[in-house]
Amino acid sequence: QVQLVESGGGLVQAGGSLRLSCAASAPTSMGWFRQAPGKEREFVAAISRSGGVTYYADSVKGRFTISRDNAKNTGYLQMNSLKPEDTAIYYCAAGPTTSILPGAYALWGQGTQVTVSS
């Protein structure tokens, strides 16, 4: 079974940058989702197994970039121009298809906290 290990969260000031990593034990499509306190989990970005297909939520387009290094089976979420409303727990997810829907992903990471101060 594929396992996921996330890293890279932290505290940053508004306008700053962070890069999240998600190491998988096997090649797979990956998605990033986030959940803020009192809110539902929402889609952030997704990337196909080959890296040729990517999807982004409108709220992060132009600021976040999803990528992957298939030699390392690792996915990345580069987050630039961060805003306080980006504060959330970020989860990576793995599955056989590239989707914006959380139900398409069978495996989830433990989550990493991202806090953006104003």
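All values reported here derive from a predicted model rather than from experimental measurement. Every chain is numbered on its own, with residues counted from 1 as its sequence reads. Local features are withheld for residues below a pLDDT of 70 in this predicted model, meaning they are given only at 70 or higher, and side-chain atom pairs are given and counted only at 80 or more; totals for whole chains, interfaces and linings count all residues. Excluded from the side-chain calculations are hydrogens and water; all other atoms, namely the structure's heavy atoms, are used.

*Asks:* Give me the overall build of the protein chain: which residues, what numbers.
*Replies:* We count a stretch as a helix when DSSP gives it H or I for four or more residues in a row; a strand needs E for two or more, and each element gets its number in order from the N terminus. Counting its secondary structure elements, the protein chain contains zero helices and 11 strands. Counting from the amino terminus, the protein chain carries its helices and strands in the arrangement β-β-β-β-β-β-β-β-β-β-β. Against the globule reference of 13 Å for 118 residues, the protein chain gives a C-alpha radius of gyration of 13 Å, in line with a compact fold. Expressed along its principal axes, the backbone C-alpha trace of the protein chain runs to roughly 40 × 30 × 25 Å. Residue burial is assigned from relative accessible area. The probe radius is 1.4 Å, only protein chains are included, and a residue is buried under 20% of its type maximum, exposed over 50%, and partly exposed in between. Here the protein chain holds 118 residues, and 44% of them are scored as buried. Any two residues having at least one pair of non-hydrogen atoms within 4.5 Å are treated as being in contact. Once local pairs closer than 6 in sequence are excluded, the contacts in the protein chain between residues at least 24 apart make up 56%. Note on method: radius of gyration uses C-alpha positions; expected globular size equals 2.2 Å times residues raised to 0.38.

*Asks:* Residues and numbers for the packing of aromatic side chains, please.
*Replies:* Ring pairs are drawn from Phe, Tyr and Trp, using the six-membered ring of Trp, whenever the two centres fall within 6.5 Å, and their geometry is named by plane angle: stacked under 30 degrees, edge-to-face over 60, tilted for the rest. One pass over the structure, following the stated rule, counts four aromatic pairs. Ring geometry for Tyr105 against Trp108: centres 6.4 Å apart, planes inclined by 75°, an arrangement best described as edge-to-face. Taken together, the ring pairs connect Phe33, Phe43, Tyr105 and Trp108 into an aromatic cluster. If you follow Arg41 out to its NZ or CZ, it ends over the ring of Tyr91, 4.0 Å from the centre. Charge-over-ring placement is defined geometrically: NZ (Lys) or CZ (Arg) within 6 Å of the ring centre, and within 35 degrees of the ring normal. Looking at Arg41, its charged tip hangs above the ring of Trp108, at a distance of 4.7 Å from the centre.

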